[in-house]
Amino acid sequence: MFEIGSTVPALEDTAGQVVRLSDHRGTDNLLLYFMRSTTCPVCNSHVRDLAKLAGVRVLVAVPEGRVEAAAWRAKRGLSLQVVTGRSGSPHEAVGLTKKVFGSLQQSGSLLVDRDGVVRHAHSATMPTGAYDRKGIAGALEDLVRTR
C-alpha cells in the first residue's frame, strides 16, 4: 500500500498514452488522486476541489477503463489529466484493494515531489475519508519551504 518513498507503476491516460510519474521528475510536484469510482458523488466533489489546487499537477486515477474514463472526463469538462491502469486498475497497482466483502474500492492520494519521492500518502475505504485536504496542504507547504 502507500508508503513514503515508494514508486508508482506506469499508468495510461484517456488517449492511451503511457504516463510515468518519473517523466515529471525535475519539473512538477504531482498529486495522484485515486477515485473510488467515477460514479461516486463524494469522489466527484473531491475532484472539483482538487482542480483548484495551486503548485501541484493533479492526476485523477479511476478504476474504470480508458473509454469510460474519457467519457466521464468529457462529460464534466475536466482539464485535469485522467489516468487508468495499463493492466488492471491503477488502484490495484498501488495496493488499494476492495474492502468490506470486496464491495468498496479503497481510494486515496499520493503527493510526489519533483524528485519523484512520495511526500504524502493517504488511503481510506470510505470515500468521505479519501481526500486528506489538510494533509495535502501541509505537505505542499513543506515542499515550498524546502525548495
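Structure first, text after, so check above.
Residues numbered from 1 in each chain as written. Predicted model: local features only at pLDDT ≥ 70, side-chain atom pairs only at ≥ 80, totals over all residues. Heavy atoms only, no water.

Peer 1: Would you take a moment to explain the pairing of strand β4 (residues 57-61) for this structure?
Peer 2: Within a regular strand, the side chains alternate between the two sheet faces. With four of five residues buried, β4 lies mostly within the body of the structure. On the question of chirality, the crossover connecting strand β3 (residues 30-34) to the parallel β4 by way of helix α1 (residues 41-50) is right-handed. Summarising the sheet, β4 and strand β5 (residues 81-85) pair through three bridges and their orientation is parallel. What sits directly across from A61, in β5, is V83. Tracing the backbone out of β4, into helix α2 (residues 66-76) and back to the parallel element β5 gives a crossover that is right-handed. (Buried < 20%, exposed > 50% of the residue type's maximum accessible area, 1.4 Å probe, protein only. Helix = DSSP H or I, 4+ residues; strand = E, 2+ residues; numbered from the N terminus. Right-handed = clockwise from strand over helix to strand, strands pointing away. Pairing = 2+ DSSP bridges.)

Peer 1: How should I be thinking about the sheet that holds strand β9 (residues 118-124) in this particular structure?
Peer 2: Paired through backbone hydrogen bonds, the strands of a sheet run either parallel or antiparallel to each other. Ordered by their spatial adjacency, seven strands build an open sheet running β2-β1-β5-β4-β3-β8-β9, and the pairing between neighbours is mixed. Two strands close off the open sheet at either side, each with one partner strand: β2 (18-19) and β9. Across the sheet, α1 is in contact with β3 and β4; its angle to β3 comes to roughly 165 degrees. On top of the sheet, α2 reaches β1 (11-13), β4 and β5; it is set at about 160 degrees to β5, its chief contact. (Contact = heavy atoms within 4.5 Å. Axes fitted to C-alpha atoms, helices over the stretch in contact; angles between N-to-C directions.)

Peer 1: What is the right way to read the packing of aromatic side chains from this model?
Peer 2: The final tally for this structure, using the stated rule, is one aromatic pair. For the pair Y33 and Y131, a centre-to-centre distance of 6.5 Å together with 70 degrees between the ring planes defines the contact as edge-to-face. A residue pair is termed long-range when its members are at least 10 positions apart, and Y33 in strand β3 and Y131 in the loop between β9 and α4 (133-146) qualify at 98 residues. Both residues of the pair, Y33 and Y131, count as buried. (Phe/Tyr/Trp six-rings, centres within 6.5 Å; stacked < 30°, edge-to-face > 60°.)

Peer 1: Before we go on, may I ask you to explain the side chain of N29 in this structure?
Peer 2: Among the structural elements, N29 can be located in the loop between β2 and β3. For N29, a relative accessible area of 5% gives the class buried. Polar side-chain contacts of N29 include one of 3.1 Å to the backbone nitrogen of R114. Here N29 is in contact with G55, V56, R57, V112, D113, R114 and L143, once residues within four sequence places are set aside. (Polar contact = N/O pair within 3.5 Å; in protein donor to acceptor, adjacent residues only side chain to side chain.)

Limitation: the analysis is restricted to geometry and does not speak to function.
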